[in-house]
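If you want the building blocks of each chain, they are given just below.
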Amino acid sequence: MEKILNKINKYSLFALVFLVPLFFLPFTQNILNYPKRVLMLFLVAISLIAWLVKQKMKGEITLKGINKGFYWVSGLLLVTFVLASVFSQWMGVSFWGMPYSVADSLLSFLVLILLSFLIIHSFQNKDYLKLIQLLIGVGALVSLFAILQLYGASLGVGASTLIGGFNVTAIFAAVLLPLALALLFHTSEKKWFLGIGSSILLLSIVLINFKAAWLVLMLGVLVSLFFSTWSSEFNLNWSLVLMGCLALALFFFLFRFTLPFLPARPPEISLGLSSEYDIVRGTLQESFKNKILGSGPATFSFEYSQHHSSLINRTPFWGTRFNQGNSVLWDWVVTKGILGGLALVALWGFALWKGLKRVVQPDTDQWGVKLGIFSSLTALIGASFLVSFNFSLWFLFWTILGVMVGLLYSGIKKIEINSKGVNVAYSSLLVLVVLLGVGLVFLQGIRYYAANQHKQGLSYSRQGNLGKAINHVSNATELSELPFNSAVDLYYRDLGQIYLNQASKVAADESQINRGLVQKSISEGAAALNRATEIAPFNSANWNVRGYFYRNLIGVQQAGELALNSYRKAAELEPASPFAHTEIGRINILMAQKDSDNREKLLNNASDALQTALDLKPDYASAHYLRAVIYDQQGDLEKAISNLEKAEVTAGEDVGLTYQLGLLYWRNNDLSKAQTKFEQAVKANANYANAHYMLGLVYDRKDQKEKAIEQFEKVAELNPDNKRVKDILSNLEQDRPALEGVGTTTAPLEGTPEEIKE
């Protein structure tokens, strides 16, 4: 039985190291990191329980005789993480992580620390060599998959690689390459395998050509090259290969160009150092608690919304909410405070100091392998100052740390558990671990199923099957509310929008309007969005969607005020964003159309809100457009056109804005300019029915009937059940004006953030 438990303990870890980087499942929106965390939690629980039972059967706990400092610094890190989670602004998400981002969560780090502990205490020296070879092999596979994706292969993970973005893969490969080269020149086994693996790792770094990855590779290679001269068994070939890698890294780092045969890769955007400094400073200034413990794990995006500079509005990514910043250390300070940052630095310092003490003794057993491990760990710690880590990079860090500590410290310390008191305590600990392990795996399974239900619901919503969409997303909300779980605002936010779409769809059915269903959908949607704001009142996305919901109900009692209050709250939580201010302007305009007594006051309020939006983002097309609407409603069509012409310049290729400008030219009876704009719109989007419609009217006004008929036939093709279009075609075919007995409709231009799904 002890041998069986020993195999379960070890082979669970071998399977984990091999499978986690490669594992993904397409059943939730987060197809990479979420499944990896589920798998790792399951395998770590199995390995830990097997290890504990094995110690129980032996009657003693066998630990590596390592320096107590490892336990102290790891314990300090875990304690600060726990405190930051307990005092987090959102404790549930700090423990579980976001459904779409699980790396920065207490559960993930607890499992990663246990993984490192098990690697240290479950293997002998020969096992570590196998584990390292397995890690290099899986790194080569991840790199090979990335190379294939660069050249157009579809592997089911979209624009990402198996472990995240291409930049993450380049960092992953750059960290493992010094270790792979060390094994290649200092072990006698599987040299062909190590040679191929090293070549694939290097090739992926070259093809991805990420500047930070070259710096990471240089750091790892320099450490290996520096200490390689200390050994009495100086390996010239190894040194020459290291120098070649160093020269290659320097070349690509200093000379930024693209080789003709290199494939293009999707751009990856992250915060700059100065931008993250604004987030760090703003977070620490909020409260004394934030200074010490930060805002809480998994809450970076909320601090970003609150504190990012309006200078980001000058970039194309002004509407993006970043979940990570520029580097691990600064992210850690934001979410775990100064205490958490110091604990992380202490862990890094301990690992480097203990590794260095062993590496400077070049005559120890397997010295070359140990130097390779130390070089890779040094490179990975260096990478943490250059980029933020996702789940896969944290997995790599704790795996390499466990291997290094276990390999460098091989002494054994035994603790007897035969005495009655110790035996009872250990048995209690074992039962507790089993209960917690099984419980966490079960709850994680429920959360994963809820995420799957949410994804299915959104898929049905896109297909127009709103009944099934509501059922699935409702299931997700109910599962997230189970005991010991944590409610997810995202599910309620999307549920509210689906209910709104259902109400709109039913109300638009002129053949049979089910008023009871309309009212029920509105009521249920409002309740879902209110619950979202209760779960995370500090998340501006919830208030944006709530504002959007009530904006669509303007005309219903109090809907306008509820929409305004929602957007005002969103503006408080995201003060540098122009979106909420623009929506406040839009709502005032809509209310002015329905309240003639307060029309001028509401339009002035709208103008003030839009000016605030333009102060934050002078080129914000939606705000310019709405100012044009105000001028238009005030009867100043020339000013409206002038303002929209400015908006078109700042918006770039915005087909909606081009269409709206064409409408104003049409209303100003400037047919030539209107024709130009509508032609631009249909050229940019051949299926833009409204643009074809208006272009047909222009041709009709210019007495070009054949061209007009051609445009309306296209509209009829896109809208086969539209009676108005059929009447227009009938008029044109009988040589009558197109709009004889027929009205027209237009739609306003809108700019919406990612949380609003239309």
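See the structure shown above.
What comes next is a walk through the structure. (Residues numbered from 1 in each chain as written. Predicted model: local features only at pLDDT ≥ 70, side-chain atom pairs only at ≥ 80, totals over all residues. Heavy atoms only, no water.)

### So, the pattern of salt bridges
Working step 1: With the rule as written, the count across this model stands at 16 salt bridges.
Working step 2: In this structure, Arg667 engages Asp632 in a salt bridge whose closest nitrogen and oxygen atoms are separated by 2.2 Å. Placement of Arg667 in helix H27 (residues 655–667) and of Asp632 in helix H25 (residues 621–633) is noted, with a sequence separation of 35 residues between them.
Working step 3: The partly exposed category is assigned to Arg667, whose relative accessible area is 48%.
Working step 4: One network of salt bridges, in which partners are shared, links Glu481, Arg531 and Glu534. (Salt bridge = Lys/Arg side-chain N within 4 Å of Asp/Glu carboxyl O. Helix = DSSP H or I, 4+ residues; strand = E, 2+ residues; numbered from the N terminus. Buried < 20%, exposed > 50% of the residue type's maximum accessible area, 1.4 Å probe, protein only.)

### Section: unusual backbone geometry
Working step 1: Its identity as a non-glycine residue notwithstanding, Ala298 has a phi of 70 degrees, on the positive side.
Working step 2: One can find Ala298 in the loop between helix H12 (288–293) and helix H13 (300–307).
Working step 3: Take Ala298: its relative accessible area is 13%, and that puts it in the buried class.

### Points about the nonpolar core
Working step 1: Among the nonpolar cores identified, the biggest contains 147 residues, and Met40, Trp394, Phe397 and Trp398 are the most heavily contacted of them.
Working step 2: The biggest single contributor to this core is helix H7 (residues 166–186), with 16 residues.
Working step 3: If near-sequence neighbours (up to four positions away) are discounted, Met40 is found in contact with Leu16, Val20, Ser108, Val111, Leu112, Leu115, Phe391 and Phe395.
Working step 4: Grouped together as the second largest cluster of nonpolar side chains are 75 residues, Leu603, Leu626, Leu663 and Phe678 included. (Core = buried A, V, L, I, M, F, W, Y, C linked by side-chain atoms within 4.5 Å. Contact = heavy atoms within 4.5 Å.)

### A word on the packing of aromatic side chains
Working step 1: Across all of its chains, the model carries 31 aromatic pairs by this definition.
Working step 2: With a centroid separation of 6.0 Å and 70 degrees between ring planes, the pair formed by Tyr567 and Phe579 is classed as edge-to-face. With Tyr567 in helix H22 (residues 559–573) and Phe579 in helix H23 (residues 579–594), the pair connects residues that are 12 residues apart, well separated along the chain. Of the two residues examined, Tyr567 and Phe579, each falls in the buried class. (Phe/Tyr/Trp six-rings, centres within 6.5 Å; stacked < 30°, edge-to-face > 60°.)

### Quick look at the layout of surface pockets
Working step 1: Reported here for the largest pocket is a volume of approximately 1600 Å³.
Working step 2: Among the elements that take part in the lining of the largest pocket, H7 stands out by supplying four residues, more than any other.
Working step 3: By residue class, the composition of the lining of the largest pocket is 24 nonpolar, 19 polar and seven charged.
Working step 4: Roughly 940 Å³ of internal volume is contained in the second largest pocket.
Working step 5: For the second largest pocket, the lining is made up of 31 residues, of which Leu48, Leu110, Leu114, Phe117 and Val433 are closest to its centre. (1 Å grid on protein atoms, 1.4 Å probe; cavity = no way out; pocket = protein on both sides within 12 Å on 5 of 7 lines; lining within 4 Å. Points joined across faces, edges and corners; volume = space filled by probe spheres on them. Nonpolar A, V, L, I, M, F, W, Y, C, P; charged D, E, K, R; others polar.)

### Some words on helix H3 (residues 68–86)
Working step 1: The terminal C-alpha atoms of H3, which comprises 19 residues, lie 27 Å apart, in line with the 27 Å expected from a rise of 1.5 Å per residue.
Working step 2: Among the residues making up H3, those that are buried are Gly69, Phe70, Val73, Ser74, Leu77, Thr80, Phe81, Ala84 and Ser85. Taken down its axis, H3 places every buried residue within 145 degrees of arc, on the same side. More than 90 degrees from the buried face of H3, the exposed residues found are Lys68 and Trp72.
Working step 3: Structurally, H3 contributes buried residues whose contacts are with helix H4 (91–96), helix H5 (106–122), H12, helix H14 (328–359) and helix H16 (391–408). (Expected span 1.5 Å × (residues − 1). Arc of directions from axis to C-beta.)

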